[in-house]
Amino acid sequence: MSIWPRTDSAPSDPDGPLPQRATGPAIATDIRVALHPLFSMPELARVWRELEGRSDSSFFLSWTWIGPWLAQMPDGIEPQLLVALQGDELVGLAVLCPHLRRRFGLLPGSCWMLHETGDRGYDRLFMEYNGILADRRVADEVTDAVLHWLGERLTANDELVLGGLTQAAERAARRVAARTGHTLQLRIADSAQWVDLGIIRTSGGDFRGGLGRNTRAAVNRSERLYRARGALEHRVATTVDEALEFFAGLEVLHQAGWQARGQAGAFANAAFRPFHQRLIAEGVPHGAVRLSRISAGGQPVGYLYNFVHRGRVLNYQGGFAFEADNRLKPGLLSHVLAIEDALARGEDCYDFMSTPAGHKPLLSNAEQPMNWLTLGPDRLGRRMEAHCRRARGVMVDAVKRSLRGWIAPAKGV
């Protein structure tokens, strides 16, 4: 692959003025970028955690996620470590996985995937808030330098696959596309929605009071009905064993809910359970993973599997005990209780992350785009593939509307 041979080069300054749309930090010519085989896991853990302590990275770039992701990676994948140095100081790290693909099943091409593997099952673990782990003092400059270094080395049939990007990383990718003349294609358009708990505190601290009238009534009615069965409890697991017990309970309810709708559910993915069992074991002791059980009269109403990072609670998965009585809203109530718990703990945000769900717009007060992109040379094959992707997205959207009776933007655009 074209990136491979040039592992010791620094990003070069482009000749001539940049296009007008390429705003943002100039490429830092003193940042040197190189690609290496992975260090040993103990050494990589040490280096990664040290840089993480100097960064403002997301949970998905923390060693709590990256360590289990590397440890559980399927055979046949050859991850490479991208390193950025400023002088002798480490200022950036990322993991890239090479992946061979055929466009339309015919045209060969090479992908470099940022914190993804190209294995469809494994990538369904779902990386979000993706980017470059970078020293906070030069984070924008490092991201620009790394993506530019990679972009310069893409040949005709190469692509850089950038999934679930932070807004800062997407802005950097757009600047790189402008500088290199590559095209940036949208694979999936989505958004992340969350509850900004600072806004709630500023307005008096009553989360439910700020909900829409119908939503608030549905939550309170559901709570009354559950309380009629006995004590209503939101319990956070305090040990790894208890968290794994809650995770097993979540699996039962999650799978039952999805299978009732004729779909497989997350646990049908063979990679899902072992990865998260390891993540839970490593994350619970230092508070990075939070499993909670919501119960009424001693019986589970729902389970939530959340991550906690830099004051942000990220809702990753849930399982709920749905019943025939549609006045009971186990998912809605579970999230409201978890949000109120985060508010009481002094945390900053309860983040639902990406992928559409009915409760998200009802409970959220903030939102931002989160997109899945590819960067590569402007070629006819890529343009044709993008056109087919847009057409497929329109078709998927039409099917969703006809089957579910609600209107949502197509994800595959």
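Summary of the structure given here. Please read these numbers as outputs of a predicted model, since none were measured by experiment.

**A look at the overall build of the protein**
Right, so step 1: Check the secondary structure of the protein and you find 12 helices and 13 strands.
Right, so step 2: Expressed as a percentage of its 413 residues, the buried residues of the protein come to 53%.
Right, so step 3: For the protein, the share of sequence-separated contacts (at least 6 apart) that also reach a separation of at least 24 residues comes to 73%.
Right, so step 4: A total of about 18,500 Å² of accessible surface is found on the protein, and carbon and sulfur atoms cover 52% of it.

**What to know about the nonpolar core**
Right, so step 1: The biggest cluster of nonpolar side chains holds 55 residues, and the ones touching the most others in it are Trp 48, Trp 65, Trp 69, Leu 93, Leu 291, Tyr 305 and Phe 307.
Right, so step 2: Among all residues touching Tyr 305, those that are not within four sequence positions of it are Phe 247, Leu 250, His 276, Leu 279, Ile 280, Val 289, Arg 290, Leu 291, Leu 314, Asn 315, Tyr 316 and Gln 317.
Right, so step 3: Judged by nonpolar contacts, the second largest core, of 30 residues, contains Val 138, Trp 149, Ala 177 and Leu 373.

**Comments concerning the pattern of salt bridges**
Right, so step 1: Under the criterion given, the structure shown has 23 salt bridges.
Right, so step 2: The salt bridge involving Glu 89 is made with Arg 54; its shortest N-O contact spans 3.5 Å. Placement of Glu 89 in strand S3 (residues 89–103) and of Arg 54 in the loop between helix H1 (41–52) and helix H2 (63–71) is noted, with a sequence separation of 35 residues between them.
Right, so step 3: Residue class for Glu 89 comes out partly exposed when judged on its relative accessible area of 32%.

**Quick word on the packing of helix H7 (residues 213–227) against helix H10 (residues 330–344)**
Between two packed helices, what matters for the description is the angle formed by their axes and the separation of those axes.
Right, so step 1: Interhelical geometry of H7 versus H10 gives an angle of 100° and a closest axis separation of 9 Å. As judged from the angle between their axes, H7 and H10 are roughly perpendicular. Packed against H7, whose contacting residues are Ala 218, Val 219, Ser 222, Glu 223 and Tyr 226, the element H10 presents Pro 330, Leu 332, Leu 333, Val 336 and Leu 337 at the interface.
Right, so step 2: Taken together, the residues that form the contact of H7 with H10 break down as eight nonpolar, one polar and one charged.

**Here we look at helix H8 (residues 240–260)**
For an α-helix, the turn length of 3.6 residues means that residues three or four places apart are oriented alike.
Right, so step 1: Taking 1.5 Å per residue as the helical rise, H8 with its 21 residues ought to reach 30 Å, and the 30 Å between its terminal C-alpha atoms agrees with that figure.
Right, so step 2: Considered for burial, the residues of H8 that qualify are Glu 242, Ala 243, Phe 246, Phe 247, Gly 249, Leu 250, Glu 251, Leu 253, His 254, Gln 255 and Gly 257.
Right, so step 3: Taken together, the buried residues of H8 touch strand S8 (232–236), helix H9 (272–283), strand S9 (289–296), strand S10 (299–309) and strand S11 (312–320).
Right, so step 4: Positive backbone phi, approximately 80°, marks Gly 262, located one or two places after H8.

**Topic: the pairing of S10**
Right, so step 1: Most of S10 is tucked away, with nine of its 11 residues classed as buried.
Right, so step 2: Both S9 and S10 contribute to a ladder of eight bridges, which runs antiparallel. Looking at the pairing, Ser 292 lines up with Leu 304 of S10.
Right, so step 3: Joining the antiparallel neighbours S9 and S10 is a turn of two residues, in which Gly 297 adopts a positive phi near 60°.

**Here's the deal with unusual backbone geometry**
Right, so step 1: The backbone of His 115 sits at a positive phi, close to 55°, despite the residue not being glycine.
Right, so step 2: Inspection of the secondary structure assignment puts His 115 in the loop between strand S4 (107–114) and helix H3 (120–123).
Right, so step 3: Using a relative accessible area of 2% as the deciding quantity, one classes His 115 as buried.
Right, so step 4: The phi torsion at Tyr 129 lies on the positive side, around 50°, for a residue other than glycine.
Right, so step 5: Along the polypeptide, Tyr 129 turns up in the loop between H3 and strand S5 (133–134).
Right, so step 6: Tyr 129 gets classed as buried once you look at its relative accessible area, which sits at 8%.

**Here's the deal with the packing of aromatic side chains**
Right, so step 1: For the structure shown, the criterion picks out 21 aromatic pairs.
Right, so step 2: A ring pair is formed by Phe 60 and Trp 65, whose centres lie 4.7 Å apart and whose planes are at 65°; its orientation type is edge-to-face.
Right, so step 3: Between Phe 307 and Tyr 316 the ring centres are 5.1 Å apart and the planes differ by 45°, which places this aromatic pair in the tilted class. With respect to burial, Phe 307 and Tyr 316 carry one shared label: buried.
Right, so step 4: The rings of Phe 59, Phe 60, Trp 65, Phe 247, Phe 267, Phe 272, Phe 275, Tyr 305, Phe 307 and Tyr 316 are connected pair by pair, giving a single aromatic cluster.
Right, so step 5: The positively charged end of Arg 261 is found above the aromatic ring belonging to Trp 258, 4.3 Å away from the centroid.
Right, so step 6: A cation sits over an aromatic face here: Arg 312 above Trp 194, 4.9 Å from the ring centre.

**Side note on the side chain of Asp 351**
Right, so step 1: Position of Asp 351 among the secondary structure elements: in strand S12 (residues 349–353).
Right, so step 2: A distance of 3.0 Å separates polar atoms of two side chains, one belonging to Asp 351 and the other to Arg 312.
Right, so step 3: Every residue in contact with Asp 351, bar those within four places of it in the chain, is listed here: Tyr 129, Ala 192, Gln 193, Trp 194, Arg 312, Val 313, Leu 314 and Asn 315.

**Details of the environment of Leu 150**
Right, so step 1: The topology assignment puts Leu 150 in helix H4 (residues 139–152).
Right, so step 2: Considering only alpha carbons, one finds Leu 150 and Trp 112, 38 residues apart in sequence, at a separation of 9.0 Å.

**Topic: the packing of H1 against H2**
Right, so step 1: Remark: H1 packs on H2, axes separated minimally by 10 Å, with the N-to-C direction vectors making an angle of 155°. With respect to their mutual orientation, H1 and H2 come out roughly antiparallel. Like other packed secondary-structure pairs, H1 and H2 cross with a definite hand, here right-handed. Judged by residue contacts, Met 41, Leu 44, Ala 45, Trp 48, Arg 49 and Glu 52 of H1 engage Trp 63, Ile 66, Gly 67, Leu 70 and Ala 71 from H2.
Right, so step 2: Taken together, the residues of the contact of H1 with H2 sort by class into eight nonpolar, one polar and two charged.

Here is what the cut-offs are and how they apply
Residues numbered from 1 in each chain as written. Predicted model: local features only at pLDDT ≥ 70, side-chain atom pairs only at ≥ 80, totals over all residues. Heavy atoms only, no water. Helix = DSSP H or I, 4+ residues; strand = E, 2+ residues; numbered from the N terminus. Buried < 20%, exposed > 50% of the residue type's maximum accessible area, 1.4 Å probe, protein only. Contact = heavy atoms within 4.5 Å. Areas by Shrake-Rupley, 256 points an atom, 1.4 Å probe, with all protein chains shown as cover. Core = buried A, V, L, I, M, F, W, Y, C linked by side-chain atoms within 4.5 Å. Salt bridge = Lys/Arg side-chain N within 4 Å of Asp/Glu carboxyl O. Axes fitted to C-alpha atoms, helices over the stretch in contact; angles between N-to-C directions. Parallel < 35°, antiparallel > 145°, perpendicular 65-115°, else oblique. Nonpolar A, V, L, I, M, F, W, Y, C, P; charged D, E, K, R; others polar. Expected span 1.5 Å × (residues − 1). Pairing = 2+ DSSP bridges. Phe/Tyr/Trp six-rings, centres within 6.5 Å; stacked < 30°, edge-to-face > 60°. Lys NZ or Arg CZ within 6 Å of the ring centre and 35° of its normal. Polar contact = N/O pair within 3.5 Å; in protein donor to acceptor, adjacent residues only side chain to side chain. Left-handed = near helix turned anticlockwise from the far one by under 90°.

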